[in-house]
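Reading the structure
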Amino acid sequence: MRFHCLQHLPHEGPGHAADWLAAHGHALTFTKLFEPNPVFPMLADFDGLLILGGAMSVHDTDRLPWLRDEKAFINKALRAGKITLAICLGAQLVAEALGGQVQPNHAPEIGFWTVRFSAKSLEHPLLRGWPEKAAVLHWHLDTFTVPPGAVRVGMSAATATQGFVWGDGVIGLQFHPEMTVPMVEQLMADEEHEQATEQEFVQTAAQIRTKLKSVWKGRKLLETLLENLVALHERETTSN
């Protein structure tokens, strides 16, 4: 299967997703939006879309003109029925494209917090094999409403909407199952989180480090999800 990745920042790459795809013989190409003059592929050149996170907002189109081009590309890919996995900012972009609203969350959510997955979402083929809950990494200020026709994936104490599934092959996740331990350390450095103080839903750098083993829980969720996405693509290819 051919995946194409939209990457917004140099140090926020596909992490565990890239490892799994390479280990299972799947291709992964990139549009790196932090580089000058990013180029988007033709729709015929990929089977699945992976949209990553970033520190910017979906509303930053005046400051970051390439966001308009990215939004147009995402809309085209969704209309074409492309299998899509979107994470954090990526999920917010897809939610907006599908008619959801993106706005500031009532509080920032940073660190490892438990997400409870909804019973209805666990019935969806893409989430087959997921547990009822998991402690996963969060790093976001904004949130989104569930797009019309989508199913809420779950919620945490801080955030009412931790993701959605739309149709057969589109999923957006507010949390970060893709991040490796070095990526979490780099994110804390980039965000100058060593100086951060504890808040209701914000863990300090020291607290995050005590919970770093939880990245493996996110990795397991992601690997199961990728297996389900690939199986969906194989079923669609066979039926066509």
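Here is what the cut-offs are and how they apply
Residues numbered from 1 in each chain as written. Predicted model: local features only at pLDDT ≥ 70, side-chain atom pairs only at ≥ 80, totals over all residues. Heavy atoms only, no water. Core = buried A, V, L, I, M, F, W, Y, C linked by side-chain atoms within 4.5 Å. Buried < 20%, exposed > 50% of the residue type's maximum accessible area, 1.4 Å probe, protein only. Helix = DSSP H or I, 4+ residues; strand = E, 2+ residues; numbered from the N terminus. Contact = heavy atoms within 4.5 Å. Polar contact = N/O pair within 3.5 Å; in protein donor to acceptor, adjacent residues only side chain to side chain. Axes fitted to C-alpha atoms, helices over the stretch in contact; angles between N-to-C directions. Parallel < 35°, antiparallel > 145°, perpendicular 65-115°, else oblique. Left-handed = near helix turned anticlockwise from the far one by under 90°. Nonpolar A, V, L, I, M, F, W, Y, C, P; charged D, E, K, R; others polar. Pairing = 2+ DSSP bridges. Arc of directions from axis to C-beta.

What follows concerns the nonpolar core. Ranked by internal contacts, the top residues of the largest apolar core, which has 31 residues, are Leu85, Trp130 and Ile171. Secondary-structure elements contributing two or more residues to this core are β1 (2-7), α1 (16-23), β4 (83-87), β5 (102-117), β6 (133-144), β10 (170-173) and α7 (215-239). In terms of residue count, α7 provides more of this core than any other element does, 7 residues in total. Sequence-distant contacts of Trp130, defined by excluding residues within four places in its chain, comprise Phe117, Leu122, Val153, Leu173, Phe175, Leu221, Thr224 and Leu225. Leu33, Met56, Leu67 and Ile74 belong to the second-largest nonpolar core, a separate cluster that totals 26 residues.

We now examine the environment of Thr161. Here Thr161 is to be found in the loop between β8 (154-155) and β9 (163-166). On the basis of relative accessibility, which here comes to 6%, the residue Thr161 falls in the buried class. Along the sequence, Thr161 and Leu173 sit 12 residues apart, while their C-alpha atoms lie 8.9 Å from each other. Apart from the residues within four sequence positions on either side, Thr161 is in contact with Thr143, Phe144, Val146, Arg152, Gly154 and Gln174. There is a polar contact of 3.5 Å between the side chain of Thr161 and the backbone oxygen of Phe144. Among the polar contacts listed, one links the side chain of Thr161 to the side chain of Arg152, at a separation of 2.8 Å.

A few words now on the packing of helix α2 (residues 66-79) against helix α3 (residues 89-97). Where α2 contacts α3, the axes come no closer than 10 Å and their chain directions differ by 65°. One way to sum up the angle between α2 and α3 is to call them roughly perpendicular. Helix-helix and strand crossings are classified by hand; for α2 and α3 the assignment is right-handed. Judged by residue contacts, Leu67, Glu70, Lys71, Ile74, Asn75 and Leu78 of α2 engage Leu93, Val94, Glu96 and Ala97 from α3. Partitioned by chemical class, the residues of the contact of α2 with α3 number 6 nonpolar, 1 polar and 3 charged.

As defined by bridge partners, β5 adjoins β6 across 11 bridges and the pair is classed as antiparallel. Looking across to β6, one finds that Pro104 is bridged to Asp142. As paired strands, β5 and β8 are joined by 2 bridges and run antiparallel to one another. In the strand pairing of β8, Arg116 is matched with Met155.

Right, let's talk about the sheet that holds strand β2 (residues 27-32) for a bit. Taken together, the 7 strands give an open sheet; going across it, the order is β2-β1-β3-β4-β10-β9-β7, and neighbouring strands pair in mixed fashion. At either margin of the open sheet sits one strand with a lone partner, and together these are β2 and β7 (151-152). Here strand β3 (residues 48-51) runs beside β4; their pairing, made up of 4 bridges, is parallel. If you follow Leu50 over to β4, its bridge partner there is Leu85. The strands that α2 touches are β1, β3, β4 and β10; relative to β3, the one it contacts most, it runs at about 145°.

Here the focus is helix α5 (residues 181-190). Each α-helix turn comprises 3.6 residues. Residues three or four places apart therefore point the same way. Taken together, the buried positions of α5 are Met183, Val184, Leu187 and Met188. Buried residues of α5 fall within an arc of 140° about the axis and therefore sit on the same side. Residues of α5 that are exposed and angled more than 90 degrees away from the buried face: Pro182 and Ala189. Against the buried residues of α5 lie β6, α6 (205-210) and α7.

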